[in-house]
Amino acid sequence: MTIQRNPTREVVIGSVTIGGGHPIVLQSMAATKTYDIDATVATVNMLSSSGAGIVRIAADTKKDARALASIRQETEANLSVDLQENYRLAEEIAPYVNKIRYNPGHLHHFEPQLPWQDKVKYFADIATKHDCAIRIGVNCGSVDPAKQGKFDPEDMVSPMVESALEHAECLDSIGFSRFCVSLKDSNPQHVIEANERFAAAKGDVPLHLGVTEAGVPPDGILKTRAALIPLLTKGIGDTLRVSLTVPNVQKFEEIISGRELLDDIAAGRTDVPDLEAELGRLNIISCPSCSRVENAAFVTLAQQVREATRYAADEPFTIAVMGCRVNGPGETDHADLGLWCGATQVNLKRKSQVVGAYSYEEIIPKLLEYLNRLIEEKEE
Ligand code: SF4
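Note that the structure is a prediction, hence the values are computed from the model and not measured.

Rules of the game
- Residues numbered from 1 in each chain as written.
- Predicted model: local features only at pLDDT ≥ 70, side-chain atom pairs only at ≥ 80, totals over all residues.
- Near = placed C-beta within 6 Å.
- Nonpolar A, V, L, I, M, F, W, Y, C, P; charged D, E, K, R; others polar.
- Domains from an automatic or database assignment.
- Contact = placed C-beta atoms within 7 Å.
- Helix = DSSP H or I, 4+ residues; strand = E, 2+ residues; numbered from the N terminus.
- Axes fitted to C-alpha atoms, helices over the stretch in contact; angles between N-to-C directions.
- Left-handed = near helix turned anticlockwise from the far one by under 90°.

## Regarding the site of the ligand
Taken together, the residues surrounding the ligand are C287, P288, S289, C290, R292, V293, M322, G323, C324, V326, N327 and G328. Looking at the shell around the ligand residue by residue, the classes come out as seven nonpolar, four polar and one charged.

Now the structure itself:
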């Protein structure tokens with residue numbers, strides 16, 4: 001059986017095409033240092049041979065950009081580059097990749113005096129010149145502050161949808177149609193709402209689906225299924241990633257989980273997991289890691305947090321564990337307790353307030369101390 005799909009535009013990304021009724025493409029991302037060419041090539045090829053139609057690599061520096069030129073020589077995989085703050089790296093990287101992903105929420109950091117529309121036009125020009133597609137990748141933890149300020153702080157979905165629509169309209173208005181959009185959140189319900197609203201407003205644009213910071217398996221798999229089954233069964237979604245906090249050598253598990261999800265939907269096995277029944281009320285979110293991870297111990301720490309907090313499974317709190325300073329500080333703001341992991345220390349936050357920085361050995365007892373405080377305060 002095939003999955004019925006919304007009629008979206010075709011977007012060519014190297015040797016694959018998303019949208020236009022083409023099979024849903026699975027994606028994953030390398031978590032190696034991008035400048036470590038051999039390790040990154042090995043990961044890209046491992047993911048590609050596992051069934052990833054597109055493999056994403058982060059690039060933040062000129063050293064990363066130079067590495068991509070060498071990586072391109074050593075793999076046939078369709079490559080997507082993940083740009084964050086230094087958007088001007090696009091011109092150095094585009095010759096070696098098939099897709100450029102930018103985050104509208106990061107465009108204000110660099111050259112803030114320039115209108116964001118000029119930056120989008122720059123991406124379109126670079127992508128056209130180098131035969132690349134674009135992904136507008138909106139993320140709940142890094143929405144454009146100007147956009148967030150327009151809405152109720154509790155409304156996490158509207159700023160994402162408006163930002164994605166605005167950028168999609170901008171690309172269309174300058175005649176660039178070879179793009180897709182993603183609207184990712186760590187809350188599966190927000191992912192459903194955001195993608196449904198975007199698809200209702202601009203249904204011809206292909207959508208890349210995923211739950212960000214879904215966490216360690218099996219939590220990350222269940223959360224992704226809880227969000228993506230309702231969307232895919234409505235025909236929404238042209239490509240997807242199951243983001244899992246696993247060591248780089250196990251990244252192929254993202255592809256296996258994605259394949260199982262698509263096979264289940266095609267076979268009519270579309271029961272949506274009851275997350276509270278399966279995982280309890282304590283919500284642990286953790287990023288899937290990427291080249292920006294500052295200490296590989298982050299993945300082990302995320303697993304330790306999951307195990308050490310099982311005694312509090314029924315408590316209505318969220319703990320966020322993030323792997324770097326690029327997204328860690330912002331994406332822990334909404335969690336009751338947040339850990340963002342530096343090279344030697346882990347920063348502990350209570351909502352947006354920093355509590356302190358602790359070594360990787362000290363952090364679990366400290367986290368439990370604060371979790372127990374939250375439980376006591378709730379009971380008073
Ligand atoms: S939080 Fe940092 S390390 Fe984790 S996926 Fe995001 S950018 Fe990568």
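Here the narrative resumes, following the displayed structure.
## Regarding the domain arrangement of the protein chain
It is common to report an interface's size as the accessible area lost on association of the parts. Along its sequence, the protein chain is organised into domain 1 (11–275) and domain 2 (280–379). A separation of 25 Å is found between the C-alpha centroids of domain 1 and domain 2. Listed per partner, the contact involves 22 residues of domain 1 and 19 residues of domain 2. Taken together, the residues that form the side of domain 1 that touches domain 2 break down as nine nonpolar, nine polar and four charged.

## As for unusual backbone geometry
The omega torsion of the bond from P217 to P218 falls at 5°, within 30 degrees of zero and hence cis. Among the secondary structure elements, P218 is positioned in the loop between β9 (207–209) and α8 (219–232). One non-glycine residue, D131, lies in the positive phi region at around 60°. Positionally, D131 belongs in the loop between α4 (116–129) and β7 (133–139). The phi angle at E213 is positive, at roughly 55°, despite the residue not being glycine. Inspection of the secondary structure puts E213 in the loop between β9 and α8.

## Here we look at the packing of α8 against helix α9 (residues 252–266)
Direction vectors running N to C along α8 and α9 enclose 40°, while the axes themselves pass 11 Å from each other. In this structure, α8 crosses over α9, and the sense of that crossing is right-handed. Contacts between α8 and α9 involve I221, R225, L228, I229 and L232 on the former and, on the latter, S257, L261 and I265. Tallied by class, the residues present in the contact of α8 with α9 amount to six nonpolar, one polar and one charged.

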